[in-house]
Amino acid sequence: MTDSDSGMDLEALRDGVRGVLSVQASHEAVVAFTDRQGTLDQTLWGFSAELGWLALLVPEDHGGLALGARELSVVYEELGRAVAPLPMLGTLLVVEGLIQGGDADQQTAWLPRLAAGDLVGTVPLLTAAGFSTTLTLSSEGTGGWVLDGVVDTLLDGAAAGVLLLPAREGNTLRWVLVEPAVDGVRLEKVELMDRTRHLGRAVFEGVALPVGRVLAGDAGTIADVLIQHVGLALAADSIGGAEAILDITLEYLKTRQQFGKPIGSFQALKHRCADHKIVLVAASALVAEAVARAAAGTPDAYRYALSAKALACEVYARIAQDAVQLHGGIGYTWEHTCHLYLKRAKLNEQLFGGPTVWLDAVSDRLLAAA
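Here the structure is a predicted model, which is why all the values come from computation and not from measurement. (Residues numbered from 1 in each chain as written. Predicted model: local features only at pLDDT ≥ 70, side-chain atom pairs only at ≥ 80, totals over all residues. Heavy atoms only, no water.)

### As for the pattern of salt bridges
Going by this rule: By salt bridge we mean one thing: a side-chain nitrogen of Lys or Arg within 4 Å of a carboxyl oxygen of Asp or Glu. To qualify as a helix, a DSSP run of H or I must reach at least 4 residues; to qualify as a strand, a run of E must reach at least 2; elements of each kind are numbered from the N terminus. Summary of the burial criterion: residues with accessible area below 20% of their type's maximum are buried, those above 50% are exposed, and those between are partly exposed, where the area comes from a 1.4 Å probe applied to protein chains only.
Per the stated rule, a full pass over the model turns up 20 salt bridges. The shortest N-O distance in the salt bridge between Arg 81 and Glu 243 comes to 3.1 Å. Taken together, the positions of Arg 81 in helix H4 (residues 69-81) and Glu 243 in helix H8 (residues 219-255) put the pair 162 residues apart, joining distant regions of the chain. Overall, the relative accessible area of 18% leaves Arg 81 in the buried class. We note a salt bridge from Glu 188 to Arg 186, for which the minimum N-O separation is 2.8 Å. A relative accessible area of 30% places Glu 188 in the partly exposed class. You can call Arg 186 exposed: its relative accessible area is 60%. Several salt bridges converge on common partners, so that one network encompasses Glu 11, Arg 14, Arg 18, Glu 77 and Glu 78.

Here is the structure:
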């Protein structure tokens with residue numbers, strides 16, 4: 001993600017996204033989705049495509065808006081605030097991979113479809129420590145490819161129409177595109193604790209892929225671009241979620257009474273909430289700095305994205321966990337919104353590797369630069 005120099009009013013964008021999500025991803029709508037354990041909210045997906053959220057990074061000549069990190073972080077933050085069940089991250093990671101490593105024909109074939117919402121995209125759960133794969137790629141005499149192996153960590157994979165996967169051709173790592181409906185690949189849903197998301201599993205047994213499905217770009221560079229995007233996306237999602245559940249908790253503390261007064265007036269609870277607010281402000285500042293450096297394309301943007309993910313996700317998990325306790329008995333019920341935020345927070349913390357993995361990667365970068 002780089003700077004778009006669009007001059008877009010980010011607060012107007014935020015208000016617009018929040019307005020849509022307040023209806024299409026209201027608490028009742030999210031609970032209904034999780035109760036039926038769906039794979040894709042078609043209505044919400046349709047709105048995201050119609051309003052251009054999926055086209056944010058796509059170049060204009062491929063039907064996109066050619067925007068950048070600042071605009072995208074606003075959308076991710078609002079999605080986190082609503083705990084929206086929208087598989088936008090996987091889709092935009094495929095977009096990033098194509099922009100970074102796809103040739104002109106691949107970009108022309110896939111980017112307009114992704115921008116229009118015709119396809120949900122996904123990638124497997126890489127980590128900041130590097131990536132490996134159990135998939136093997138071999139060439140056919142006709143110039144096509146054959147893919148073998150199993151991948152079972154596809155983010156929101158059961159809803160996906162295109163997969164961007166790392167595979168090994170001999171000693172060389174490559175990224176390949178798979179279109180399950182065309183290539184005859186069956187996707188299975190793997191449930192997660194956070195029902196606003198899921199994983200997908202796919203088995204490849206001699207799956208024939210047409211010519212043009214292997215990205216020409218360097219596999220390691222593509223992986224770095226994807227990880228940086230993941231770091232910023234999950235950090236922004238976590239800031240939005242943490243702010244929302246803290247606001248919900250503060251409102252509850254103002255209305256719930258014990259001994260004839262609001263429990264929010266009790267000094268011990270004031271201190272707990274103040275501590276949460278302090279660390280949230282600090283995490284928000286780091287995320288904002290990471291987004292700014294990504295937008296400017298500075299050499300340290302990758303390291304800042306990793307740091308932002310580690311801190312923001314940890315802060316979110318801490319606030320969401322305490323919010324359940326601060327709500328008392330009602331905070332533990334299925335009907336209340338607390339559990340949606342807590343599950344989202346704990347999954348954010350572990351997606352694409354836990355905090356230790358991301359902080360170790362930051363340390364490695366710092367040592368390499370020393």
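More follows now that the structure is in view.
### Comments concerning the environment of Thr 43
Tracing the backbone shows Thr 43 in helix H3 (residues 42-50). Among the residues examined, Thr 43 registers a relative accessible area of 45% and is labelled partly exposed. Residues Thr 43 and Ala 25, spaced 18 residues apart in sequence, show a C-alpha to C-alpha distance of 9.9 Å.

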